[in-house]
Amino acid sequence: MRILFMGTPDFAVASLKRLVEDGHDICGVITQPDKPKNRGHKMQPTPVKEYALTQNLDVFQPVKARDGEAMGIVEQLKPELIVVAAYGKILPEDLLNYPKYGSINVHSSLLPAYRGAAPINWAILDGLTETGVTIMYMAKELDAGDIIHQKTTPIGEDEDALALTERLAALGAEALSETVMALTDGTATRTPQDHEKHTYASMLSREMSPIDWNRSAREINCQVRGLIPWPCAAAELADTKFKIYKTAPGGNTEKAPGTILSAGKQGIEVACGDGRSLYITELQAEGGKRMAAAAYLLGHPITV
């Protein structure tokens, strides 16, 4: 099938790669413009662009999606299908409706749950034990189109958002491959979403970082895992500010929430609001490097 692909981050690369491996005619790739990165402000291409160039695919980077430039690219390439995966911009209806088979999206949740920008993070933040991917037709409203195909997967108890993103990218690529095959042979189904059951996964912010030790140990663990790699959970312990990257369950305690119970080879043990404790096992002190808590304690002992 003649496909125009639209995507930007690492999550989208798996879907584009699978379409290439399946032998489809990728007539073009639209991704966001290169952006300056790090202190040198060197222009950095998107992960999708980097992969597309290795496959000698034509890459287009319109600054806006609604000023007519993107539509001009579509009219020039004449795709039979548009596939979108985390492109990052709202697309106009005339563009979505142009191809023979329409436009479909790879979304990292089980819609109608978690529409929006950060579905993977919020699934972990909310303590879910299962999530998945949805392939849907694109519509005017955000992530509200009819569902074609879904796949589910459990969320590991220790799995953070970065690891889950990688797994869902692969799962999404698999679901996309099956969907394009179904569209080609005319067996694809179309199920409207139950809009009354939708939830929204808003963008993350630094205001979500501070840990409230009055919460339960599991809730705090979910906060830590859900905010990886940004903005990261944060806490002040022994007068030092830390980013918290990993935690492990501790034991029972009657101490007040936030009390440091121990600091040694297992990490820094802190009392939580449900009478349980949590070990901080990986952290980053302000101005320092990310490291195991036990390694940090060797040079910075904490008095309990």
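Details of the structure are given in the entry above.
Overview of the structure. (Residues numbered from 1 in each chain as written. Predicted model: local features only at pLDDT ≥ 70, side-chain atom pairs only at ≥ 80, totals over all residues. Heavy atoms only, no water.)

### Comments concerning the packing of helix H1 (residues 10–21) against helix H2 (residues 47–54)
Helix-helix packing is characterised by the crossing angle of the two axes and by the distance between the axes.
Reasoning step 1: Packing of H1 against H2 brings their axes to within 8 Å, and their N-to-C directions diverge by 25°. Regarding the angle of H1 to H2, the classification is roughly parallel. Remark: the crossing between H1 and H2 carries right-handed chirality. For the pair H1 and H2, the contacting residues are Asp10, Ala12, Val13, Leu16, Lys17 and Val20 in the first and Pro47, Val48, Tyr51 and Ala52 in the second.
Reasoning step 2: Taken together, the residues that form the contact of H1 with H2 break down as eight nonpolar, no polar and two charged. (Axes fitted to C-alpha atoms, helices over the stretch in contact; angles between N-to-C directions. Helix = DSSP H or I, 4+ residues; strand = E, 2+ residues; numbered from the N terminus. Parallel < 35°, antiparallel > 145°, perpendicular 65-115°, else oblique. Left-handed = near helix turned anticlockwise from the far one by under 90°. Contact = heavy atoms within 4.5 Å. Nonpolar A, V, L, I, M, F, W, Y, C, P; charged D, E, K, R; others polar.)

### As for the nonpolar core
Side chains of a nonpolar character, in soluble globular proteins, are inclined to be buried together.
Reasoning step 1: One finds Phe5, Leu16 and Ile104 to be the most contacted residues of the largest nonpolar core, which totals 36 residues.
Reasoning step 2: When residues in this core are grouped by element, the largest group, nine residues, is from helix H6 (residues 161–185).
Reasoning step 3: Counting residues in hydrophobic clusters, the runner-up holds 22 residues, among them Ile220, Val270, Cys272 and Leu278. (Core = buried A, V, L, I, M, F, W, Y, C linked by side-chain atoms within 4.5 Å. Buried < 20%, exposed > 50% of the residue type's maximum accessible area, 1.4 Å probe, protein only.)

### What to know about the side chain of His107
Reasoning step 1: Mapping His107 onto the fold places it in strand E7 (residues 103–107).
Reasoning step 2: His107 gets classed as buried once you look at its relative accessible area, which sits at 5%.
Reasoning step 3: Of the polar contacts made by the side chain of His107, one reaches the backbone oxygen of Tyr114; its length is 2.9 Å. (Polar contact = N/O pair within 3.5 Å; in protein donor to acceptor, adjacent residues only side chain to side chain.)

### Points about the environment of Arg18
Reasoning step 1: Topologically, Arg18 is positioned in helix H1.
Reasoning step 2: Taking relative accessible area as the criterion, Arg18 reaches 29% and is therefore assigned partly exposed.

### Thoughts on a nonpolar patch on the surface
Reasoning step 1: Nonpolar side chains collect at one region of the surface, where Ile90, Leu142 and Tyr200 lie side by side and expose about 320 Å² of accessible area between them.
Reasoning step 2: Turning to its location among the elements, Ile90 is positioned in the loop between strand E6 (81–85) and helix H4 (93–96). (Patch = residues over 30% accessible without salt bridge, like charges linked within 9 Å, V, L, I, M, F, W, Y side chains within 5 Å. Areas by Shrake-Rupley, 256 points an atom, 1.4 Å probe, with all protein chains shown as cover. Salt bridge = Lys/Arg side-chain N within 4 Å of Asp/Glu carboxyl O.)

### Points about the sheet that holds strand E2 (residues 25–30)
Reasoning step 1: Reading across from one edge, E5-E2-E1-E6-E7-E9-E10 is the order of the seven strands in this open sheet, with mixed pairing throughout. The outermost strands of the open sheet, each flanked by one partner alone, are strand E5 (59–60) and strand E10 (147–154).
Reasoning step 2: Pairing of E7 with strand E9 (residues 130–137), which is carried by four bridges, proceeds in the antiparallel orientation. Along E9, the bridge assignment pairs Val106 with Ile135.
Reasoning step 3: Against the sheet, H1 touches strand E1 (2–7), E2, E6 and E7, its axis set at about 170° to E1. (Pairing = 2+ DSSP bridges.)

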